[in-house]
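Chains, contacts and geometry: an overview
What follows is each chain in one-letter form.
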Amino acid sequence: MKPFPTVSSSAWPLTCQHRLLTKRLLSCRAQLIPASPRTPRHSITNPKSEPTFFHSASTRSSALPFKKYTLHPKGKMTDSIDLPASSKPAAPTVRTAYIALGSNLGDRIGWIEKACHEMDARRIKVKRTSCLWETEPMYVLDQDRFVNGACEVETTLEPLELLDALQDIENSLGRKKVIDKGPRNIDLDILLYENLKFEHERLKIPHIGIPEREFVLRPLAELIPDKPLDHTRPWTLTRDLLDALPPSPIPITTMTPLSSHGHPPIQALNPSRKTHVMAILNMTPDSFSDGGRHAASSTLESTIQSFLDAGATMIDVGGQSTAPRTLQVSAEEEIGRVVPAIKMIREKFASRDVLISVDTYRASVAEAAVAAGADIVNDVSGGSMDPDMLPTVARLGSTICLMHMRGTPADMSSLNEYPEAEGGLIGGIARELVARVAAAEAAGIRRWRIVLDPGLGFAKVGPQNVDVLRHLDELRSWPGLQGLPWLVGSSRKTFIGQVTGVPTPKERIWGTAATVAAAVQGGADVVRVHDVKEMAQVVAMADAIWRY
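Just so it is clear, the structure is predicted and the values come from calculations on it, not from any experiment.

**Side note on the environment of Gly 457**
- With respect to the helices, strands and loops of the structure, Gly 457 is situated in the loop between strand E17 (450-453) and helix H11 (463-470).
- Of the residues examined, Gly 457 reaches a relative accessible area of 29% and is grouped as partly exposed.
- Through-space distance from the C-alpha of Gly 457 to that of Met 412 is 9.1 Å; in sequence the pair is 45 residues apart.
- In contact with Gly 457, not counting residues within four places along its chain, are Met 412 and Asn 465.

As structure tokens, then:
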């Protein structure tokens, strides 16, 4: 609105000033009050049969723009009054919304990931995601289990525009609704939109099903545990609604996909899940334990064969030693070490159901390894040593293992202070891992693509490593880390030699066996080992005791 002109009190009589001011105020009032619904000549029929009214022409200034009002079928005003626009158009307002994700047909996780990709491409930016949860069907019980999750998005779309975009994504992915609440390959629902309470015949926000559905509340509570869903009852938070639900007869579990070609996901909260055995394949001449042993191509194939025959379900290929005081090689040399090994596994053992991870903290190595056939990126720095690592993994859509470490392999052993005032050892590890998870999410990595590693031997010395094994279950249940799977790598490490008195790494088999059993008991989903045959037997026995 144009400002009133400045008028000198000495120029005009006071009554003239009053008349001018009154005239201006009446003009403004006329611009801000819609015409009466009883004035049919000023109404225009809305395509959706929603009554729409314009300002009266007699009260409109030709220099000022105007906007229609739209009323709900129930008569509720949805749009606020627009004041005159400035000469420069305002940028669209970015809104935050929460979207429910679901699928129970075909590649359930794959459909959800495709839907997230489509949202990113349609002005609906996925900022954060929950874990994915496998849940029993509700309402229509004669159908397969669902995979459910939620995501936080930013968008400039208004609620009905957002609904249209989500339904278009569902249609583009081939969704065909046969029966209400029945099987579907993809399901996208608006749960929340800012703090808006929105009622329309097509859409209600907050979603009316939230309070009764664990498969909605569980992932939503990961994203916004302390947010009230009903702003007329601000004392009732998302986590309160979740806690108020009766216990599920079949506890639900998270799901972490490990590859894009059919491997079963890790179900980190399934008490009967089996532990993965990850075989270490060091393609380096200077690894602390087995440097140079696997570098020769003549023995590589037989080594891989022995790993698989002994029970390994994963092979971790590394081309750069992370032992203290070890010199770094170039990225090109590291790629030259790991890529041929990955290609050999894929070519020679195509019929074996094996997962491949690449042990690297370099983005370029990770990308080359994934292109060669690696499924997982195992980064000892948690994505902190190469700023391109997390964005690269996000773009590749791979699963990443974020390990806890401080500094670099060169100085990590001196960074082992964990003050009690800051939570001590376990609190320090947990807090720093929460930060790495947040960094991964900010880079675009989906939460369901994250595995964690407490980092035994990295920025931890002697008894600290034993303490981590004692309290692994505490790390698993730490707020911000709940539901994520864990990898534990204790094999042949120095702290085992200190406890057992065995100085030679390759002779620390018995001590390693005890740590592997402790890791399984503490909730580890993957154990990373050198001595595959022996540790696979330890895992089988530990699973029989604790995973049932």
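From this point, things continue past the structure.
**Here's the deal with the nonpolar core**
- Core analysis: the largest hydrophobic core is formed by 78 residues, its most contacted members being Leu 281, Ile 304, Ile 315, Val 317, Ile 400, Ile 450 and Leu 452.
- Grouped together as the second largest cluster of nonpolar side chains are 31 residues, Cys 151, Leu 163, Leu 166 and Ile 186 included.

**A short note on the packing of aromatic side chains**
- Scanning the model with the defined rule gives 0 aromatic pairs in all.
- Over the ring of Trp 133 we find Arg 218; its NZ or CZ atom is 5.8 Å from the centre of that ring.
- Just above the ring of Tyr 418 sits the side chain of Arg 406; from NZ or CZ to the centre is 3.9 Å.

**Focus on the pattern of salt bridges**
- Throughout the structure, instances matching the rule amount to 28 salt bridges.
- Two residues, Arg 122 and Glu 118, come together in a salt bridge whose shortest N-O distance is 3.1 Å.
- Under the relative-accessibility criterion, Glu 118 is labelled partly exposed at 23%.
- Of the charged contacts, one joins Asp 309 and Arg 352 as a salt bridge, the two residues approaching to 3.4 Å between their closest N and O atoms. In this pair, Asp 309 is assigned in helix H6 (residues 297-310) and Arg 352 in the loop between helix H7 (331-348) and strand E14 (355-359), connecting sequence segments 43 residues apart.

**Considering the pairing of E14**
- In terms of residue burial, E14 counts as a mostly covered element, since 5 of its 5 residues are buried.
- Judged from the 5 bridges that link them, strand E13 (residues 314-318) and E14 form a sheet pairing that is parallel. Each bridged residue has a counterpart across the sheet, and for Gly 318 the counterpart in E14 is Asp 359.
- Viewed along the sheet, the connection from E13 through H7 into E14 turns out right-handed.
- Both E14 and strand E15 (residues 376-379) contribute to a ladder of 3 bridges, which runs parallel. If you follow Val 358 over to E15, its bridge partner there is Val 377.

Reading guide: rules and limits
- Sequence order as written defines residue numbering, which begins from 1 separately in each chain.
- Reporting of local features is limited, given that this is a predicted model, to residues whose pLDDT is at least 70; pairs of side-chain atoms are given and counted only at 80 or more, and all residues count toward the totals for whole chains, interfaces and linings.
- As a rule here, side-chain values come from all non-hydrogen atoms in the structure, and water together with hydrogens is ignored.
- Strands here mean DSSP runs of E at least two residues long; helices mean DSSP runs of H or I at least four residues long; both are numbered from the N terminus.
- Note on classification: 1.4 Å probe, protein chains only; a residue is buried when its accessible area is under 20% of the maximum for its type, exposed when over 50%, partly exposed between these limits.
- For this analysis, residues touch if any pair of their heavy atoms sits within 4.5 Å.
- We call a set of buried residues a nonpolar core when its members are Ala, Val, Leu, Ile, Met, Phe, Trp, Tyr or Cys and they connect through side-chain atoms within 4.5 Å of each other.
- Any two of the Phe, Tyr and Trp rings considered here, Trp counted by its six-membered ring, make a pair once their centres fall within 6.5 Å; the pair's planes then place it as stacked at under 30 degrees, edge-to-face at over 60, or tilted in between.
- Geometrically, a lysine NZ or arginine CZ counts as sitting over a ring once it is within 6 Å of the ring centre and also within 35 degrees of the ring normal.
- Any carboxyl oxygen of Asp or Glu that lies within 4 Å of a side-chain nitrogen of Lys or Arg is treated as forming a salt bridge with it.
- Think of it this way: DSSP has to see at least two bridges between two strands before they count as a pair.
- Orient the strands so they point away from the viewer, and a crossover whose first-strand-to-second-strand path over the helix runs clockwise is right-handed.

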